[in-house]
Amino acid sequence: QQQVKQSPQSLIVQKGGISIINCAYENTAFDYFPWYQQFPGKGPALLIAIRPDVSEKKEGRFTISFNKSAKQFSLHIMDSQPGDSATYFCAGTGSGNTGKLIFGQGTTLQVKP
Amino acid sequence: GAVVSQHPSRVICKSGTSVKIECRSLDFQATTMFWYRQFPKQSLMLMATSNEGSKATYEQGVEKDKFLINHASLTLSTLTVTSAHPEDSSFYICSARAAGNTIYFGEGSWLTVV
């Protein structure tokens, strides 16, 4: 009930391409879905987040698509750049979780120049 | 975005000693902070939830007497690794909950026990 499943585990994309990372959640009480970007040796940085009352949120080159009925959400990185190479984590939480994030397993993205 | 500061960023300690890691929310108050541990190439593992003014809530399998958590104010939580051993060497990361359930992470602290 608490799991967030993330795929793929690793992803290689050419510069300028679209990177797509998918997540699926089980807990229907979740109402906040953030994505974090983590560079080696650094803490995760909040990238973009969505709540279930919208189906899509876009910030610059980053877009979250949200499908409430399927309990799935995805991160799209448009015009991927080598500087986007990092590990990306999706997560879910709800007010009942006191803010406790349930993380996906992470996706290591490599953008080739 | 909001800033969460961790200190020290790197620490080396001798086996058997204790080490304290601080987590501060710099521009917001956080009644709830979280402590995670991360092994190389793995996801973050929640260790405990730190609540201001009350006892921390530990996840299953985390020794509360070994990983002491204190949340003395609305902007500061500390994690003390007591009687550290080499297997405690890891990357420890804190996070703090801001308004709207938004969670911000610190930069992490590398602990090496020799």
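The notes below deal with the structure included here. Everything numeric here is computed off the predicted structure, so don't read it as measured data.

Within chain A, the regular secondary structure consists of 0 helices and 11 strands. Counted from the first residue to the last, chain A has its helices and strands arranged as β-β-β-β-β-β-β-β-β-β-β. Projected onto its principal axes, the C-alpha positions of chain A cover 45 × 30 × 20 Å. Restricting the contact set of chain A to residue pairs at least 6 apart, pairs at least 24 apart contribute 53%. By element, 50% of the accessible surface of chain A is carried by carbon and sulfur atoms, the whole surface being about 5,300 Å². The distance from the centre of the 11 positive side-chain charges to the centre of the 7 negative ones in chain A is 5 Å.

Under the counting rule described, the total for this entry stands at 2 disulfides over all chains. The disulfide partner of Cys23(A) is Cys90(A), and the S-S distance across this bridge is 1.9 Å. Between Cys23(A) and Cys90(A), the disulfide has an S-S torsion of -95° and is therefore left-handed. Of this pair, Cys23(A) sits in strand β3 (residues 19-25) while Cys90(A) sits in strand β9 (residues 86-92), and the two are 67 residues apart along the sequence. The disulfide partner of Cys23(B) is Cys94(B), and the S-S distance across this bridge is 2.0 Å. Looking down the S-S bond of the Cys23(B) and Cys94(B) bridge, the torsion is 80°, so its handedness is right-handed. In this pair, Cys23(B) sits in strand β3 (residues 19-25) while Cys94(B) sits in strand β9 (residues 90-97), placing the two residues 71 residues apart along the sequence. Each member of the pair, Cys23(B) as well as Cys94(B), carries the same accessibility label: buried.

Side-chain pairs of opposite charge can arise where the charged atoms are in close proximity. Residues and elements named next belong to chain B. Counted by the stated rule, this structure contains 6 salt bridges over all chains. One salt bridge connects Glu-22 with Arg-24, and the closest N-O pair in it is separated by 3.5 Å. Since its relative accessible area comes to 24%, Glu-22 is described here as partly exposed. A salt bridge links Asp-88 to Lys-66, with the shortest nitrogen-to-oxygen separation between them at 2.9 Å. With Asp-88 in the loop between β8 (76-81) and β9 and Lys-66 in the loop between β6 (57-58) and β7 (67-73), this residue pair connects regions lying 22 residues apart in the sequence. Of the two residues, Asp-88 and Lys-66, neither departs from the other in class, the shared state being buried.

Listed by partner, the interface residues are 22 residues for chain B and 20 residues for chain A. Summed over both sides, the interface of chain B with chain A buries roughly 1,500 Å², with 54% coming from carbon and sulfur. Taking the shortest distance from any N to any O, the salt bridge between Glu59(B) and Lys100(A) comes out at 3.1 Å. Along the contact surface separating chain B from chain A lie 5 residue pairs in polar contact (both at pLDDT 80 or more). No other element matches the 4 residues that strand β4 (residues 32-38) of chain B contributes to the side of chain B that touches chain A. Taken together, the residues that form the side of chain B that touches chain A break down as 10 nonpolar, 9 polar and 3 charged.

Once that is clear, we can look at the pairing of strand β1 (residues 4-7) of chain A. Residues and elements named next belong to chain A. In β1, alternate side chains face the same way, and those of Val-4 and Gln-6 are buried while those of Lys-5 and Ser-7 on the opposite face are not. The sheet contact formed by β1 and β3 spans 4 bridges and is antiparallel. Within β3, the position partnered with Val-4 by the bridge is Tyr-25.

Further remarks concern the packing of aromatic side chains. Any aromatic ring pair is given by two values, namely how distant the centres are and how the planes are angled relative to each other. Here the structure, examined in full by the defined rule, presents 18 aromatic pairs over all chains. Through successive ring pairs, a cluster of aromatic residues spans Tyr25(A), Phe30(A), Phe33(A), Trp35(A), Phe66(A) and Phe73(A).

Approximately 500 Å³ is the volume attributed to the largest pocket. Mapped by element, the contributors of at least two residues to the lining of the largest pocket are β9 and β11 (107-112) of chain A. Taken together, the residues of the lining of the largest pocket break down into 7 nonpolar, 12 polar and 2 charged. In this structure, the second largest pocket occupies an estimated 180 Å³ of space. Considering the residues around the second largest pocket, the lining is formed by Leu101(A), Ile102(A), Phe103(A), Tyr36(B), Ser43(B), Leu44(B), Met45(B), Leu46(B), Glu59(B), Gln60(B) and Val62(B). Elements represented by at least two residues in the lining of the second largest pocket include exactly β10 (102-103) of chain A together with β5 (44-51) of chain B. Looking at the lining of the second largest pocket element by element, the count peaks at 3 residues for β5(B). A breakdown of the residues in the lining of the second largest pocket according to their chemical character gives 8 nonpolar, 2 polar and 1 charged.

Conventions and cut-offs
Residues numbered from 1 in each chain as written. Chains lettered and ligands numbered in written order. Predicted model: local features only at pLDDT ≥ 70, side-chain atom pairs only at ≥ 80, totals over all residues. Heavy atoms only, no water. Helix = DSSP H or I, 4+ residues; strand = E, 2+ residues; numbered from the N terminus. Contact = heavy atoms within 4.5 Å. Areas by Shrake-Rupley, 256 points an atom, 1.4 Å probe, with all protein chains shown as cover. Lys, Arg positive; Asp, Glu negative; His and termini not counted. Charge placed at Lys NZ, Arg CZ, Asp CG, Glu CD. Disulfide = S-S within 2.5 Å. Buried < 20%, exposed > 50% of the residue type's maximum accessible area, 1.4 Å probe, protein only. Salt bridge = Lys/Arg side-chain N within 4 Å of Asp/Glu carboxyl O. Buried area = accessible area lost by both parts, 1.4 Å probe. Polar contact = N/O pair within 3.5 Å; in protein donor to acceptor, adjacent residues only side chain to side chain. Nonpolar A, V, L, I, M, F, W, Y, C, P; charged D, E, K, R; others polar. Pairing = 2+ DSSP bridges. Phe/Tyr/Trp six-rings, centres within 6.5 Å; stacked < 30°, edge-to-face > 60°. 1 Å grid on protein atoms, 1.4 Å probe; cavity = no way out; pocket = protein on both sides within 12 Å on 5 of 7 lines; lining within 4 Å. Points joined across faces, edges and corners; volume = space filled by probe spheres on them.

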